[in-house]
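A closer look at the structure
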Amino acid sequence: MKRLVLRSLLIAGLLLGVQASARADELGTPTGPVVLTIAGNIGTANRGAFDPLHDRFLKYHEKSFAKAAEFDVAMLEALGMKKISFGYKDWPAPEEMEGPLLRDVLAAVGADGKWIMAVALDGYGVGFTDKDLGAQDYGLVLKRNGRYLKLREYGPALIAFDPDHDLLLYT
């Protein structure tokens, strides 16, 4: 079983450019709580520019944008859920994780470019290049063992990836 690293990252994913194969004509509007915001070099947006009053998390981390795409859980699930099973040697048993592939999320917003940076609520961030994303399937995990992730479980969304690839990690 291949070892994966899980990171609670995509509360606010700041897209600084990543190649994606398809663009959505229309993204729709979240009806539930927003769990992911993507901004940067995107072709499809469902909200306007950064608002320092309402985007306090991003303001705190000194991020801003001209337009963005917001997702709730239902919108992410509609992109197609994939399952992976894995565990660490000190876990009692492997666990099942489920969510869309990161490349499908990026395709939904028409991402274009060479770089993405994902930032979590605690300020932890990870950077990906288009080469990284082409080398493996990154999962945007929403569920663990059939249950939605909670904040105390690194939720509401996290990225699962193989740690053997070189990534630019930020703390």
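Residues numbered from 1 in each chain as written. Predicted model: local features only at pLDDT ≥ 70, side-chain atom pairs only at ≥ 80, totals over all residues. Heavy atoms only, no water.

Time to look at the confidence of the model for the protein. Of the residues in the protein, 78% reach a pLDDT of 70 or more, and the chain-wide mean stands at 76. Across residues 1–24, confidence stays below pLDDT 50; counting only partners more than four residues off in sequence or on other chains, it has 125 contacts. (pLDDT = per-residue confidence, 0-100. Contact = heavy atoms within 4.5 Å.)

With that settled, the discussion passes to the sheet that holds strand β6 (residues 95–99). The strand order β5-β6-β10-β11 describes an open sheet built from 4 strands, whose pairing is antiparallel. Lying at the two open borders of the sheet, with one neighbouring strand each, are β5 (82–86) and β11 (147–148). Inspection of the sheet shows β6 paired to strand β10 (residues 143–144) by 2 bridges, in the antiparallel sense. In the sheet register, E98 faces β10, and the bridge partner there is K143. (Pairing = 2+ DSSP bridges. Helix = DSSP H or I, 4+ residues; strand = E, 2+ residues; numbered from the N terminus.)

Soluble, globular proteins show a tendency: their nonpolar side chains are buried together. If you look at the biggest cluster of nonpolar residues, it comprises 26 residues, and the most contacted ones within it are I38, F71, L76 and V109. Taken together, the elements giving at least two residues each to this core come down to β3 (36–39), β4 (68–71), α2 (73–77), α3 (102–108), β7 (115–119), β8 (125–129) and β12 (158–161). Here the element with the most residues in this core is α3; it accounts for 4 residues. If we ignore the near neighbours within four places in the chain, the residues touching V109 are L27, I38, I42, G43, T44, A69 and F71. F86, M97, L149 and L158 belong to the second largest nonpolar core, which has 6 residues in total. (Core = buried A, V, L, I, M, F, W, Y, C linked by side-chain atoms within 4.5 Å. Buried < 20%, exposed > 50% of the residue type's maximum accessible area, 1.4 Å probe, protein only.)

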